[in-house]
Amino acid sequence: PNSFHPMPGTLGFSVGLLGAALPFAVFRALGNDLYTAFQYTFVTIDVLTYLAAFAFFSLGLRFRLWISALAAAFFTFNSAKFNQLNHLQMSVHYPLPLIALGLLVWIRDRATLNENQKTLLLSLTGLGLVFQMLSEPYNGIFLAFFLCLLTGVAVAFEGPRAALRETLQGSRKSLGIATLL
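Rules of the game
- Numbers given to residues run from 1 along each chain, matching the order in which its sequence is written.
- Where totals are concerned, whole chains, interfaces and linings use all residues; where local detail is concerned, this predicted model gives features only for residues with pLDDT of at least 70, and gives and counts side-chain atom pairs only at 80 or more.
- To obtain the side-chain values, all non-hydrogen atoms of the structure were included, while hydrogens and water were left out.
- Put simply, two rings from Phe, Tyr or Trp (the six-membered ring, in Trp's case) pair if the centres are within 6.5 Å, and we call them stacked under 30 degrees between planes, edge-to-face over 60, tilted for the rest.
- Every helix listed is a DSSP run of H or I at least four residues long, and every strand listed is a run of E at least two residues long, numbered separately from the N terminus.
- Relative accessibility decides the category of a residue: with a 1.4 Å probe and only protein chains considered, values under 20% of the type maximum give buried, values over 50% give exposed, and everything between is partly exposed.
- Whenever a carboxyl oxygen of Asp or Glu lies within 4 Å of a side-chain nitrogen of Lys or Arg, that contact is scored as a salt bridge.

This part is about the packing of aromatic side chains. Going through the model one piece at a time under the given rule, you end up with six aromatic pairs. Plain terms: the ring middles of Phe-38 and Phe-42 are 5.2 Å apart, the flat faces sit at 85° to each other, and that makes the pair edge-to-face. With Phe-38 and Phe-42 both in helix 2 (residues 34–60) and four residues apart, the pair spans about one turn of that helix. The same class applies to Phe-38 and to Phe-42, which are both buried. Here a set of aromatic residues connected by ring pairs shows up, and it is made of Phe-56, Phe-57 and Phe-63.

This is the structure we're talking about:
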């Protein structure tokens, strides 16, 4: 595969592929040839995506086990995935459910989390977004757009606006530290 092999006359690629480069490097270090490591990388990315989506649906949304398993399968093996089978840069989705899980827990459990837990949760969520941008920026950009849209909708209605205000006021220190990271 030429995604990790320098092509003549090419100075660099437009996508960082960090989320795929890490497992690929591990499989190459274990002695696998270029193509076998590439295949193992695809399988590993799918397994990580499934596990992350399952954690989001079962821990975040608190769905039943079988519903979480089915929803994670739909998230992992969706039509966009099958339409882009040869495009490794479109495969790295596993940070997305973890980012959503972090934000969901931060908002849902804001009353029970202490300031250090909020700071750690927001920092890890922010680092997850940076990792997504370095791995597959297209979905990272769409996630950032969706979060801005969701915040705009929350500000437009009184009930969500009050919850958002309460969440932000109770997390000033954690927001500041997470933003610096």
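Additional details are given in the paragraphs that follow.
Here the focus is the pattern of salt bridges. Applying the stated criterion to the full structure yields one salt bridge. A salt bridge links Asp-109 to Arg-108; its shortest N-O distance comes to 3.1 Å. According to the relative accessible area criterion, Asp-109 is buried, its value standing at 18%. Look at Arg-108 and you get partly exposed, because its relative accessible area is 29%.

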